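Listed below, chain by chain, are the residues.
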Amino acid sequence: LPAQPNPFLSTPTAYFLMYATLKLIHLLSIVVWIGGMVFAHFFLRPAVQTLEPPVRLALMCNVLQRFFAAVQVAVVLTLVTGLWMIGRVAREAVQLGGPFSMPLSWTVMATLGLAMMAIFGHLRFAPFKRLQRAIAAENWAAGAQALAVIRTGVTVNLVLGVAIIAVTVLLV
């Protein structure tokens, strides 16, 4: 059976609204992710340095648990909306009889974005788990080591995120 056109997307206005909505979700997800890293790295971390290790590590673990849950949602939304937008543009190019060549800024954005997602996955499922186990065991030295690894990964992801924004703005 031939595919039935989606009546919702059959008009240019409806298509534009769908694309704009997905782009908004994409951008808001990135704002949550990068903004959260800026907050944690430049504001929260320095403020908790005065706390004793048991209090500081427990607080950071609680904050990171909430933040990482939000980032997991942001990662999924960013990936799904980004792939949909790329796929839609590629499909339109092919339907118009032309080739699809992804712009350099999109290629850089997608590549660095996937690297950020991989780093986040590692942080969430390796050092963060070590941090949780260290706090449960009251092993403050191990907790501090795990938090240091997380901080390094967040720094790398923050640099990558800012690079993505710069490339996207400058190479458009």
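Everything below is about the structure printed above this text.
Quick caveat, the model's predicted, so the values are computed rather than measured.

About the thresholds
Residues numbered from 1 in each chain as written. Predicted model: local features only at pLDDT ≥ 70, side-chain atom pairs only at ≥ 80, totals over all residues. Heavy atoms only, no water. Helix = DSSP H or I, 4+ residues; strand = E, 2+ residues; numbered from the N terminus. Buried < 20%, exposed > 50% of the residue type's maximum accessible area, 1.4 Å probe, protein only. 1 Å grid on protein atoms, 1.4 Å probe; cavity = no way out; pocket = protein on both sides within 12 Å on 5 of 7 lines; lining within 4 Å. Points joined across faces, edges and corners; volume = space filled by probe spheres on them. Nonpolar A, V, L, I, M, F, W, Y, C, P; charged D, E, K, R; others polar. Core = buried A, V, L, I, M, F, W, Y, C linked by side-chain atoms within 4.5 Å. Contact = heavy atoms within 4.5 Å.

Novice: I would appreciate a short explanation of unusual backbone geometry in the present structure.
Specialist: Only a minority of non-glycine residues have a phi that is not negative, and only a minority of peptide bonds are not trans. Residue E138 is not a glycine yet carries a positive backbone phi of 55°. With respect to the element layout, E138 can be found in the loop between α4 (127-136) and α5 (140-170). Overall, E138 belongs to the exposed group, its relative accessible area being 57%.

Novice: Any chance you could explain the layout of surface pockets here in plain terms?
Specialist: Rolled over the atoms, a probe sized like a water molecule indicates the empty space that remains. Computed from the structure, the largest pocket encloses a volume of approximately 750 Å³. Along the wall of the largest pocket there are 28 residues; nearest its centre are H26, I30, M85, M109 and T168. Among the secondary structure elements, those contributing two or more residues to the lining of the largest pocket are α1 (12-48), α2 (53-95), α3 (104-125) and α5. Partitioning the lining of the largest pocket into residue classes produces 20 nonpolar, 7 polar and 1 charged.

Novice: What is the right way to read the nonpolar core from this model?
Specialist: Considering soluble globular proteins, one finds that nonpolar side chains tend to be buried as a cluster. Core analysis: the biggest nonpolar cluster contains 27 residues, and W33, M37, L64, F68, F128, L131 and I150 have the highest contact counts within it. Residue assignment for this core shows that the elements contributing at least two residues are α1, α2, α3, α4 and α5. The element contributing the most residues to this core is α2, with 8 residues. Those residues within four positions of F68 in sequence are excluded, and the remaining contacts are F120, L123, R124, F128 and I150.

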